[in-house]
Amino acid sequence: MKNYRYVYRSIQTGAFFSVVLGLMLPNITSAKASPSTSSYRLEVSLSSQHVLVYQGDRLLADMLASTGSPHEKTPLGHFHIQAERGVWFYSPLYHEGAKYWISFKNHGEFLFHSIPMDIHQQILKSEAQKLGQPASHGCVRLSLKDAQWLYTHIPNGTDVYIHP
């Protein structure tokens, strides 16, 4: 399936948004990833459903996660945190959104973000209970606290390694 990006202007706010696979994301200019100058590194384990955050060789955090479901897998490999990030998005396609998102692949298609929320930014309890098991559409879901920490501390260009 090809990914198509459409840009439109919000009637309510006047802000420009990109739509990728049904996600409404603020239209942010993206920069090409260059070799990481960040002292951080993210390791995502699909088998354990954890994100390990390193600064240099020191383990800073071990975060429980939910990665892609068997039908919508999280991509494996080496990526970098991209320029696209935001405090909130909502997908009319999936009727859910999330806070504190940062892109790691395809400039807004694959993200780290909080557990899913409804259009009013209320946590969807049924989705929150899935934390620790594969459940997403390919993104890496985290607790609200962990997603906010990544959003605040992890710079663009940070290495991301996703392994089985």
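Above this text sits the structure in question.
Counting of residues starts from 1 at the beginning of each chain's written sequence and follows it residue by residue. Only residues with pLDDT of at least 70 are given local features in this predicted model, and only at 80 or more are side-chain atom pairs given and counted; all residues enter the totals for whole chains, interfaces and linings. Only hydrogens and water are set aside; all other atoms, that is, all heavy atoms of the structure, feed into the side-chain values.

1. A closer look at the overall build of the protein
A tally of regular secondary structure across the protein gives two helices and 12 strands. N-terminal to C-terminal, the α/β element order of the protein is β-β-β-β-β-β-β-β-β-β-α-β-α-β. Sequence separation of at least 24 residues holds for 60% of the intrachain contacts in the protein that already meet a minimum separation of 6. Elements are defined by DSSP. Helices are runs of H or I of four residues or more, strands are runs of E of two residues or more, and each kind is numbered from the N terminus. Residues count as neighbours in contact if any of their non-hydrogen atoms are within 4.5 Å of one another.

2. A closer look at helix α2 (residues 144–153)
Within α2, the full set of buried residues consists of D146, A147 and L150. Down the axis of α2, the buried side of the element spans an arc of 100°, and every buried residue falls inside it. Opposite the buried face of α2, at more than 90 degrees from it, the exposed residues are K145 and T152. Each residue is assigned to one of three classes by its accessible area relative to the maximum for its type, calculated with a 1.4 Å probe on protein chains only: buried under 20%, partly exposed between the two thresholds, exposed over 50%. To be clear, the arc concerns the directions from the helix axis to the C-beta atoms.

3. Here we look at the side chain of R141
Within the secondary structure, R141 sits in strand β11 (residues 140–142). Here a polar contact is recorded for every N or O atom pair within 3.5 Å, except that within protein the pair must consist of a potential hydrogen donor and a potential acceptor, and residues adjacent in sequence are included only if both atoms are side-chain atoms. A polar side-chain atom of R141 sits 3.5 Å from the main-chain carbonyl oxygen of A135. Beyond its immediate sequence surroundings of up to four residues, R141 is in contact with L64, A65, S66, E96, H113, S114, P116, E127, L131, A135 and S136.

4. Let's talk about the environment of S45
Structurally, S45 can be placed in strand β4 (residues 40–45). Those residues in contact with S45, other than ones at most four positions away along the chain, are H50, H163 and P164. A polar side-chain atom of S45 sits 3.0 Å from a polar atom in the side chain of S48.

5. Section: the pairing of β4
Burial analysis of β4 places five of its six residues in the buried class, which makes it a mostly covered element. Of the strand pairs in this sheet, β4 and strand β5 (residues 50–55) are connected by six bridges, and their pairing is antiparallel. By the bridge assignment, V44 is partnered in β5 with V51. Pairing between two strands requires that DSSP report at least two bridges joining them. Once β4 ends, the chain turns through four residues before running back antiparallel as β5, passing Q49 with a positive phi of about 60°. Sheet topology places β4 next to strand β12 (residues 159–163); five bridges connect them, and they run parallel.

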